[in-house]
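# Structural characterization, general
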Amino acid sequence: MSLLKCDSKMVGPIQTNCYFLYREDTKECLIIDPGYEADTIERHVLKKQLKVVGILLTHGHFDHITAADEVRRRFQTKIYASREEEELLADPQKNVSVMMGDNVSLKADVWLDDGQELELLGETMRCILTPGHTSGGMCFYFPNACMLFSGDTLFQESVGRTDFPTGSNRALMKSVRERLLVLPEAVRVFPGHGAMTTIRDERMFNPYAG
């Protein structure tokens, strides 16, 4: 039985879901997509007495990364991101931060590859590359906990937009149908925006399921 629990905070102007995935026993925590509001994130960590051991980025858009460098500095931890997203993370034009009047350029400490498995929080995490919303978008799957962090690839009864740099509707449909909806139906999906869902519900009700 998994000991993983998940809290979330909506941060920033587009109400991005920032997740706090942690173990009940050790309080070790991964922060997923700290888009904005480093102070809010820090307060939650301190209130819950969590021990931050890493930051996961599902993709490089501004609303998922703007606070990441500050959060990394405050907790003296590492950022993990898809190797395929390196250029977008570094380029304020491509990560659309210039649209918000910012100039965000970010480099991960650990670059991840498709299919790579890591031991984090005492469990196996599998990296699933899901190009479409961005070319290097990556979902993080914890099979023992039946949890998937899908970023902006898969939402409740919807999918991410593809009109920003490196986006591709064709690639997104392929990623959703062939990489995510093939997972076990009991898997809980934690998206970058909106409510949690399940693979079962998305197979049944998502109009993009095919």
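Our subject is the structure listed above.
Analysis parameters
- Residues numbered from 1 in each chain as written.
- Predicted model: local features only at pLDDT ≥ 70, side-chain atom pairs only at ≥ 80, totals over all residues.
- Heavy atoms only, no water.
- Helix = DSSP H or I, 4+ residues; strand = E, 2+ residues; numbered from the N terminus.
- Expected span 1.5 Å × (residues − 1).
- Buried < 20%, exposed > 50% of the residue type's maximum accessible area, 1.4 Å probe, protein only.
- Arc of directions from axis to C-beta.
- Contact = heavy atoms within 4.5 Å.
- Core = buried A, V, L, I, M, F, W, Y, C linked by side-chain atoms within 4.5 Å.
- Pairing = 2+ DSSP bridges.
- Axes fitted to C-alpha atoms, helices over the stretch in contact; angles between N-to-C directions.

### Some remarks on helix 5 (residues 169-180)
- Taking 1.5 Å per residue, 12 residues should reach 16 Å; helix 5 reaches 15 Å between its end C-alpha atoms and fits that length.
- Along helix 5, the positions that sit buried rather than exposed are Leu172, Met173, Ser175, Val176 and Leu180. The buried residues of helix 5 occupy an angular sector of 160° when the element is viewed end-on, so they sit on one face.
- As for helix 5, its buried residues are in contact with strand 8 (123-129), strand 9 (138-142), strand 10 (147-151), strand 11 (154-155), strand 12 (158-159) and helix 6 (199-205).

### Things to note about the nonpolar core
- Counting residues in hydrophobic clusters, the biggest one holds 29 residues, and the most contacted among them are Phe20, Ile31, Leu57 and Val71.
- If you list the elements that add at least two residues to this core, you get strand 2 (16-23), strand 3 (28-32), helix 1 (38-48), strand 4 (51-56), helix 2 (62-65), helix 3 (68-75) and strand 5 (79-82).
- If we ignore the near neighbours within four places in the chain, the residues touching Phe20 are Lys5, Cys6, Asp7, Ser8, Lys9, Cys29, Leu30, Ile31, Ile41, His44, Val45 and Leu50.
- In terms of nonpolar packing, the next biggest core, distinct from the first, is built from 21 residues, Leu4, Leu21, Leu56 and Leu112 among them.

### Section: helix 1
- Of all the positions in helix 1, only Ala38, Thr40, Ile41, His44 and Val45 are classed as buried. Around the axis of helix 1, the buried residues are gathered within 165° of arc, so they sit on the same side. In helix 1, the exposed positions angled more than 90 degrees off the buried face are occupied by Arg43, Leu46 and Lys47.
- As for helix 1, its buried residues are in contact with strand 1 (4-11), strand 2, strand 3, strand 4 and helix 3.

### Some thoughts on the sheet that holds strand 10
- Within the open sheet, the 6 strands sit side by side as 7-8-9-10-13-14. Their pairing is mixed. Each edge of the open sheet carries a strand with a single partner, namely strand 7 (117-120) and strand 14 (197-198).

### What to know about the sheet that holds strand 2
- The strand order across the open sheet formed by 6 strands is 1-2-3-4-5-6, and the pairing between neighbours is mixed. The sheet is open, and its two edges are formed by strand 1 and strand 6 (110-112), each paired on a single side. Across the sheet, the mean angle from the axis of one strand to that of its neighbour is 25°, orientation sign disregarded.
- As paired strands, strand 2 and strand 3 are joined by 4 bridges and run antiparallel to one another. Its bridge partner lying in strand 3, Leu21 is registered against Leu30.

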